[in-house]
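As a plain string of letters, each chain reads:
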Amino acid sequence: MLLQLKLPSIRLNKEISVEEKKIELNKVDEFPPMPVSLGSMRVNKTSSWRNFRPIIDGEKCIGCGICWKFCPEPAIFPTNPPEVDYDYCKGCGICIANCPVDAITRQDETK
Amino acid sequence: MNEKKELRLSIPKEEVLQPGHLACQGCGASLAMRYALKALGRDIIVDIPACCWAVIDGPFPYSATNIPIYHTAFETAAAVASGVSNGLKAIGNDHTTVMAWAGDGGTFDIGIQALSGAAERNDDIIYTVYDNEAYMNTGIQRSSATPHGAWTTTTPVKHYRKGWKKDLDSIMVAHGIPYLATASIAYPEDMIKKYLKAQKIKGTKFIHVYAPCPTGWKSDPAMTIHLAKMVVETNIFPLYEVENGKYKINIKPKNRKPLDEYLAMQGRFKHLPQEEIEYLQKTFDEKWEILLKKEEHFG
Amino acid sequence: MKTVMNGDFAASYGAMTSDVKFVAAYPITPQTLIVEKLSELVADGELDASFVKVESEHSAMAACIGAQAAGIRTFTATSSQGLLLMCEVLHWAARARLPIVLANVNRAIAPGWSIWADAQDSISQRDTGWMQVYAENNQDVYDSILMAYKIAEDNDVLLPMMVNLDAFFLSHTSEVVDLIDNDKAKEFLPAYDPEYKLDPNNPRAFGALTSPEHYFEFTYKMFEAMEVAKKKITQVGKEFGDIFGRYYDMTESYKIDDAETVLVTFGTIAGTAKESVDRLRKEGKKVGNLKIRVFRPFPTEQIIDALKNAKRVVVIDRDYSYGNEGAFYTEIKGALYDANLRIDTYGMIAGLGGRDVSTAVIKEIVEKAETSEPNKTYFIGVKR
Ligand SMILES: Cc1ncc(C[n+]2csc(CCOP(=O)(O)OP(=O)(O)O)c2C)c(N)n1
Ligand code: SF4
Ligand code: SF4
Ligand SMILES: [Mg+2]
């Protein structure tokens with residue numbers, strides 16, 4: 001899959017797309033001469049780091065965007081109400097702690 | 001569900017930093033990069049010396065930022081950026097932003113010589129120090145940015161850090177660089193504004209970003225933003241800019257908060273006796289007064 | 001165009017003829033003339049390049065790494081303590097596969113402070129992944145820099161190259177140097193256009209964390225690159241000769257076909273050794289000289305070929321690997337062993353800290369070899 005990255009910058013002369021799949025290097029001849037990135041870290045689903053998941057209550061949500069703004073991954077989609085990307089959410093709890101109307105609750109992950 | 005308006009966004013929507021990166025839960029340094037790149041965009045080259053960010057972007061053959069990143073030796077952030085910037089200019093590229101992105105250890109300590117050199121030459125770079133107040137990548141050892149009173153693995157509880165955080169910002173101002181700013185990840189709008197400003201200025205721009213580290217500070221990852229806010233509200237880490245020698249304080253808390261609560265939220269300060277807390281309070285208040293005077297005289 | 005100039009200037013003009021776009025350097029005796037000359041050439045607009053006057057050699061190499069990674073041809077020069085200060089970033093440049101070219105004026109290491117000729121500086125950086133050339137004269141310095149870029153930038157090589165010249169014997173000694181016309185040089189050395197570079201239009205992260213799953217292969221790739229470099233150095237030396245009339249290779253043999261005693265030398269000592277060979281031959285001694293021009297990659301095959309018929313191999317080192325012997329001596333013996341050649345060898349350490357290695361000294365060395373036990377190291381000229 002190719003990941004299309006939007007360009008906040010106008011000066012580039014092309015859209016950047018980055019390989020979003022596991023890169024297998026089985027033979028030395030397939031290696032680049034030096035360690036250079038060949039794909040996106042999006043292959044690394046960080047959901048397993050999580051002990052709990054934040055649940056956003058769409059009824060309570062006032063659409064302020066604060067949880068989206070402060071997510072360090074980022075693992076919240078800027079929709080209204082926002083949606084958590086559970087593939088990547090690490091369960092830090094920042095979104096919960098910063099929601100001004102307590103619209104986000106924690107639900108323990110059963111592992 | 002009834003129709004809702006779009007989510008309110010106070011910072012650019014586009015993400016350059018992608019999820020999947022290797023920062024710890026609630027890492028302030030990852031937020032710092034997320035905001036900086038939202039401002040600076042993709043026409044950029046960033047060099048990163050040894051520090052947590054050398055890991056956060058991901059191992060070979062991946063990258064979480066997908067911008068040109070150059071991993072460099074610990075003490076070389078500024079020199080490598082100087083090379084990129086001057087090299088690009090030599091071949092007529094005047095538009096690509098060149099940024100060095102280093103931790104406090106790579107900046108206050110081992111990288112200060114190269115940084116001073118770049119600043120003295122006024123090379124056209126943005127230098128960011130994301131300050132988590134210790135060597136985190138190597139397991140929480142003290143740096144000269146570690147605050148008085150803090151525990152680290154090399155300043156253990158019985159011998160907690162004594163002595164003041166190096167006043168690197170003043171050292172940088174003394175270099176006569178065109179732009180210096182402090183920023184905190186709890187104030188992304190302010191931070192982004194500062195990066196946008198820095199991008200337009202020619203010469204050396206120094207941005208000092210306060211970036212809490214739950215792992216090293218023994219704090220709750222959920223409290224990262226709170227800490228980054230409280231540090232400003234207590235006047236421990238004031239937000240200000242120095243543009244061509246002119247000081248401007250961006251946030252002046254009406255009632256400066258006492259620092260007890262800020263300290264109490266971090267395991268690294270839990271051993272501190274009351275008289276040390278009072279001493280810290282007194283000293284930070286004095287430092288704030290000095291900053292106000294600087295603004296008054298050089299504003 | 002033939003001009004008279006010292007070795008430092010030859011290095012500066014070598015960089016200019018190579019059309020470098022970026023220079024970062026820090027002064028140290030006896031390299032200072034290179035920095036000064038390049039500043040002047042850039043200031044006068046003769047060399048269209050950015051010159052960053054860094055605050056240390058460490059930053060000089062770091063800045064070159066940055067610029068070269070951005071796809072720009074860079075040059076730097078240093079000597080002795082300066083080269084040592086660069087150590088970590090020398091490794092960085094090589095493992096990052098950046099074809100940076102560096103002129104190093106071989107000077108002794110302190111303490112005691114010494115500004116005179118000695119190869120301890122570059123020999124101690126032997127394992128940084130840099131190719132190493134040792135120049136015999138100022139023309140060699142100039143030509144080697146131009147060839148260095150061509151070899152280093154080859155897509156199958158991509159390794160940095162260090163061109164070494166002896167302190168004062170070359171750096172401050174004037175000789176005739178034939179300068180190459182810029183257009184002709186451009187034909188020989190096309191503009192630098194690397195496949196991998198820092199480019200916002202093709203963004204990549206360089207040099208990230210590399211696990212045991214991958215690190216090994218990158219070192220193997222450097223082994224492969226060094227093997228390719230051996231062939232390239234010979235090939236480029238010949239191509240250079242065909243165009244400009246001066247031929248170069250990794251080694252140079254002088255009167256070795258019938259030689260019983262073969263001297264193995266590098267740097268300016270090689271020039272003196274050739275003169276000594278002529279004199280000793282007049283005395284009836286069958287002596288020859290093998291000059292090692294390129295030390296990394298190590299020209300094992302050429303060395304074996306040149307030494308296979310010798311009765312005595314006498315290696316002169318202007319360096320000493322503490323606790324063992326001269327670095328060249330060790331490696332020459334290794335090459336002979338590879339070829340199952342059991343020849344008497346003599347390790348001769350001479351000329352340290354700028355002490356002169358004259359034809360008289362070389363004569364003494366040959367006599368010493370003829371009368372001493374083989375397979376041992378001797379310090380020549382120690383006051384006893
Ligand atoms: C020359 C050198 N010395 C020491 C190290 C080990 N080292 C790597 S990162 C680091 C600490 C980095 O601290 P800082 O710059 O504050 O960044 P952080 O890890 O806190 O993000 C150290 C000591 C190194 N890589 N290179
Ligand atoms: S818990 Fe943390 S990682 Fe998960 S969505 Fe909230 S802020 Fe993002
Ligand atoms: S140790 Fe601290 S700075 Fe480093 S990644 Fe973890 S939280 Fe971030
Ligand atoms: Mg740190």
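Worth saying up front: this structure is predicted, and the values here are computed from it rather than measured.

Enquirer: Summarise the site of ligand 1; cite the residues concerned and give the values.
Expert: The full set close to ligand 1 counts 18 residues, and Gly105(B), Gly106(B), Tyr130(B), Ala134(B) and Asn137(B) are the nearest of them. Proximal residues around ligand 1 fall on chains B and C, making this an inter-chain site. Between Asp104(B) and ligand 1, the recorded distance is 3.0 Å, taken from a side-chain N or O atom to an oxygen atom. Side-chain polar atom of Asn132(B) to an oxygen atom of ligand 1: 3.0 Å apart, as the coordinates give it.

Enquirer: Could you give an account of the interface of chain A and chain C, with specific residues and numbers?
Expert: Of the residues lining the interface, 15 residues belong to chain A; the matching set on chain C comes to 20 residues. Here chain A meets chain C over a buried area of about 1,700 Å², counting both sides, of which 66% is carbon and sulfur. Inspection of the chain A/chain C interface yields 6 residue pairs in polar contact (both at pLDDT 80 or more). Its residues placed into classes, the side of chain A that touches chain C shows 11 nonpolar, 2 polar and 2 charged.

Enquirer: Give a description of the coordination of the magnesium ion (ligand 4) that names residues and reports values.
Expert: Residues and elements named next belong to chain B. Looking at the magnesium ion (ligand 4), the protein donor atoms are Asp104 (OD), Asn132 (OD1) and Ala134 (O), and they sit 1.9 to 2.1 Å from it. Sequence positions of the residues that donate to the magnesium ion (ligand 4) give the spacing D-x27-N-x1-A. Taken together, the residues aspartate 104 in helix H4 (residues 104–109) and alanine 134 in the loop between strand S5 (126–131) and helix H6 (168–174) connect sequence positions 30 residues apart. For aspartate 104, a relative accessible area of 0% corresponds to the buried category.

Enquirer: Talk me through the interface of chain B and chain A; I want residue IDs and the actual numbers.
Expert: Opposite the 55 residues of chain B that make contact, chain A presents 55 residues. Between chain B and chain A we count 1 salt bridge in total. Linking chain B with chain A are 21 residue pairs in polar contact (both at pLDDT 80 or more). Every element with two or more residues in the side of chain B that touches chain A is listed here: helix H1 (28–40), strand S2 (62–63), helix H7 (188–200) and helix H9 (224–233) of chain B. For the side of chain B that touches chain A, the element with the most residues is H1(B), which contributes 5 residues. The residue inventory of the side of chain B that touches chain A, partitioned by class, reads 26 nonpolar, 16 polar and 13 charged. In this structure, strand S3 (residues 39–40) of chain A lies alongside S2(B), joined through 2 bridges in parallel fashion.

Enquirer: With reference to specific residues and values, describe the sheet that holds strand S16 (residues 376–379) of chain C.
Expert: Residues and elements named next belong to chain C. The sheet built from 6 strands is open, its strands ordered S10-S12-S11-S14-S15-S16 with mixed pairing. Of all strands in the sheet, those with a lone pairing partner are strand S10 (251–254) and S16, marking the two edges. Averaged over all adjacent pairs, the angle separating strand axes in this sheet is 20°, with direction ignored. Bridging between strand S15 (residues 344–349) and S16 involves 4 bridges; their strand directions are parallel. Residue pairing across strands places isoleucine 349 opposite phenylalanine 379, the latter belonging to S16.

Enquirer: Residue-level account of the nonpolar core, with values.
Expert: Note that soluble globular proteins tend to have their nonpolar side chains buried in a common cluster. Counting residues in hydrophobic clusters, the biggest one holds 123 residues, and the most contacted among them are Met61(C), Phe75(C) and Met131(C). If one sorts the elements of this core by residue count, helix H7 (residues 138–152) of chain C sits on top with 9 residues. Apart from residues no more than four positions distant in its own chain, Met131(C) is found in contact with Ile151(C), Ala152(C), Val157(C), Leu159(C), Pro160(C), Met161(C), Met162(C), Met226(C), Ala229(C), Ile233(C), Arg296(C) and Pro297(C). Ranked by size, the runner-up nonpolar core spans 94 residues in total, among them Cys71(A), Cys95(A), Leu31(B) and Phe218(C).

Enquirer: Let's hear about the pattern of salt bridges: which residues, and what values?
Expert: Evaluation of the coordinates by the stated rule reveals 53 salt bridges over all chains. Where Glu109(A) meets Arg50(A), a salt bridge forms, and the shortest distance between an N and an O atom there is 2.8 Å. A residue pair is termed long-range when its members are at least 10 positions apart, and Glu109(A) in the segment after strand S7 (104–108) and Arg50(A) in the loop between S3 and strand S4 (52–56) qualify at 59 residues. Looking at Glu109(A), the relative accessible area reads 22%, which means it is partly exposed. Here Lys274(C) ties to Glu136(C) by a salt bridge, and the two come within 2.9 Å at their closest N and O atoms. Within this pair, whereas Lys274(C) is found in helix H10 (residues 268–282), its partner Glu136(C) is found in the loop between strand S6 (131–134) and H7, the two being separated by 138 residues in sequence. In terms of burial, Lys274(C) and Glu136(C) fall into one category: buried.

What counts, and where the lines are drawn
Residues take numbers from 1 onward in each chain, read along the sequence in its written order. Each chain gets a letter, beginning with A, and each ligand a number, beginning with 1, in the order they are written. Selection of residues for local features in this predicted model requires a pLDDT of at least 70, selection of side-chain atom pairs for listing and counting requires 80 or more, and totals for whole chains, interfaces and linings are taken over all residues. Calculated side-chain values reflect all of the structure's heavy atoms, with hydrogen atoms and water omitted. What makes a residue near a molecule or strand is one non-hydrogen atom of that residue sitting within 4 Å of it. What qualifies as a polar contact is a pair of N or O atoms within 3.5 Å, subject to a donor-acceptor requirement within protein and to the restriction that residues adjacent in sequence count only when both atoms come from side chains. Contact definition: two residues touch when any of their heavy atoms are within 4.5 Å. Note on definitions: buried area is the accessible-area loss of two parts on being combined, 1.4 Å probe, summed for both. Polar here means any residue outside two lists: the nonpolar Ala, Val, Leu, Ile, Met, Phe, Trp, Tyr, Cys and Pro, and the charged Asp, Glu, Lys and Arg; Gly therefore counts as polar. Each metal site lists N, O and S donors within 2.8 Å (3.2 Å for Na, K and Ca). With water left out of the atoms, a site can look as if it is missing ligands. Each helix corresponds to a stretch of at least 4 residues labelled H or I by DSSP, and each strand to a stretch of at least 2 residues labelled E; elements are numbered beginning at the N terminus. Residue exposure (1.4 Å probe, protein chains only): buried if accessible area is under 20% of the type maximum, exposed if over 50%, otherwise partly exposed. A pairing counts as a salt bridge when a side-chain nitrogen of Lys or Arg comes within 4 Å of a carboxyl oxygen of Asp or Glu. A pair of strands counts as paired when DSSP detects no fewer than two bridges linking them. Axes, fitted as lines to C-alpha atoms, cover a helix only where it is in contact. Angles between the N-to-C directions of the axes lie from 0 to 180 degrees. Here the nonpolar core consists of buried residues drawn from Ala, Val, Leu, Ile, Met, Phe, Trp, Tyr and Cys, with membership extended through side-chain atoms lying within 4.5 Å.

As far as function goes, none of this settles anything; it's purely spatial.
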